Amino acid sequence: MTYIVIPILALLALTAVTGARIRDLWAAVMFTGIYSFLSASWMLILDAPDVAFTEAAVGAGIATFLMLGTLALTSRTEKSSSGIPVLPLFVVAITGGALIYGTLDMPHFGDPKAPVQVYPDPSYVEKSQEDIHGVPNVVTAVLASYRGYDTLGETAVVFTAGIAVLLILRRPRPPVGRSDAAGQQAEAGS
Amino acid sequence: MFVVTAIAILITMALALVRAMFGPTVFDRVLALNMFGTKTVLLICVVCFLTGRTDFLDLALLYSLMNFIGMVALLRFSQFGHFREEAAGN
């Protein structure tokens, strides 16, 4: 698997750097699409098909639409900045170093003794069949029943965010200067 | 055999990425992105057969759908410059 994972990660890094450096924002949106495709296939290789599913639907699908809709409201090229921003570079380097330091004592990938495999209680896997009356998928049982209120809250948050984005990006009202008949007709047609 | 196929697909992805970087016109970049999505679908299929978990093939179907919808949105945006409905009826 290594000979697939390493090129994918290299392509990911290349895409991220290019997308950050490019000045044409329309092309930058496309690089975010490429990034989503790459990271979704990487998550699939890491055996996380549900995350990959979400990344493909949200990252490559919805986020591209939203960014293009934003580009329709703003300009298509980024203003060129002068000089090297020292303070942001410093902050980013510190944060990246802290994150890498945080991964040093993490358990290895797929370690059976990792806390995430041992701690909540392995009996969830054994007892979910009886508890939830035969839902075959343990992930579904945990998400929809053991953590049902949590999932309901997440859904409410995502729904609210979607409504907010729709309110921001919706079409503007027809201009006021028209006669009333034309305005009403336009509203009826929309 | 799957290994050789996977490496060939990865090389094609790298070439498409190079075209997306240097592509002078919009349509070079659109074609590069479309090709990248197609190669992702192929790579997922190859990885599925490599690991023997063919139930992930559904994901490849989802990716090709996403790729198609994204392409239509991109081309529509580059043609009209917005996503609003056409001013039909008035």
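Since we're looking at a predicted model, the values are computed, not measured. (Residues numbered from 1 in each chain as written. Chains lettered and ligands numbered in written order. Predicted model: local features only at pLDDT ≥ 70, side-chain atom pairs only at ≥ 80, totals over all residues. Heavy atoms only, no water.)

Engineer: Even after reading the chapter, I still don't get the overall build of chain A, so can you show me in this structure?
Structural biologist: On a plain count of helices and strands, chain A comes out with nine helices and zero strands. Start at the N end of chain A and walk to the C end: the helices and strands fall as α-α-α-α-α-α-α-α-α. Going through the 190 residues of chain A one by one, you find that 21% of them count as buried. For chain A, the share of sequence-separated contacts (at least 6 apart) that also reach a separation of at least 24 residues comes to 44%. Accessible area of chain A: about 13,400 Å², with a carbon and sulfur share of 68%. (Helix = DSSP H or I, 4+ residues; strand = E, 2+ residues; numbered from the N terminus. Buried < 20%, exposed > 50% of the residue type's maximum accessible area, 1.4 Å probe, protein only. Contact = heavy atoms within 4.5 Å. Areas by Shrake-Rupley, 256 points an atom, 1.4 Å probe, with all protein chains shown as cover.)

Engineer: I would appreciate a short explanation of the packing of aromatic side chains in the present structure.
Structural biologist: Any two aromatic rings considered together are summarised by their centre-to-centre distance and by the angle between their planes. Scanning all chains against the criterion turns up two aromatic pairs over all chains. Aromatic pair A:Phe37 and B:Tyr63: ring centres 6.0 Å apart, planes at 55°, arrangement tilted. Taken together, the positions of A:Phe37 in helix 2 (residues 25-45) and B:Tyr63 in helix 3 (residues 57-80) put the pair across two chains. Like A:Phe37, the residue B:Tyr63 is buried in the burial classification. Considering the side-chain rings of B:Phe2 and B:Phe49, the 6.2 Å spacing of their centres and the 15° angle between planes classify their relative orientation as stacked. Of this pair, B:Phe2 sits in helix 1 (residues 2-22) while B:Phe49 sits in helix 2 (residues 26-51), placing them 47 residues apart in sequence. (Phe/Tyr/Trp six-rings, centres within 6.5 Å; stacked < 30°, edge-to-face > 60°.)

Engineer: Looking at this structure, how should I read the packing of helix 1 (residues 2-21) of chain A against helix 1 of chain B?
Structural biologist: The relative placement of two packed helices is expressed as an angle between their axes plus a distance between the axes. Running from amino to carboxyl end, helix 1 of chain A crosses helix 1 of chain B at an angle of 5°, the nearest separation of the two axes being 10 Å. If you check the angle between helix 1 of chain A and helix 1 of chain B, you find them roughly parallel. Facing A:Tyr3, A:Ile4, A:Pro7, A:Ile8, A:Leu11, A:Leu14, A:Thr15 and A:Thr18 of helix 1 of chain A, the residues of helix 1 of chain B in contact are B:Val3, B:Ala6, B:Leu10, B:Met13, B:Ala14, B:Leu17 and B:Met21. When grouped by side-chain class, the residues that make up the contact of helix 1 of chain A with helix 1 of chain B number 13 nonpolar, two polar and no charged. (Axes fitted to C-alpha atoms, helices over the stretch in contact; angles between N-to-C directions. Parallel < 35°, antiparallel > 145°, perpendicular 65-115°, else oblique. Nonpolar A, V, L, I, M, F, W, Y, C, P; charged D, E, K, R; others polar.)

Engineer: Help me understand the interface of chain B and chain A, please; the structure alone is not making it clear to me.
Structural biologist: Accessible area lost upon the coming together of the parts serves often as the stated size of an interface. Taken residue by residue, the interface counts 40 residues in chain B and 41 residues in chain A. Surface buried jointly by chain B and chain A totals about 3,600 Å² across both partners, of which 83% is contributed by carbon and sulfur atoms. Sorting the residues of chain B by area buried against chain A places B:Leu17, B:Tyr63 and B:Phe77 first, and these three jointly supply 15% of that buried surface. Applying the counting criterion to the chain B and chain A interface returns one salt bridge. Here A:Asp24 and B:Arg29 are joined by a salt bridge, their closest N and O atoms 4.0 Å apart. No other element matches the 12 residues that helix 2 of chain B contributes to the side of chain B that touches chain A. Within the side of chain B that touches chain A, the residues separate by chemical class into 26 nonpolar, 10 polar and four charged. (Buried area = accessible area lost by both parts, 1.4 Å probe. Salt bridge = Lys/Arg side-chain N within 4 Å of Asp/Glu carboxyl O.)

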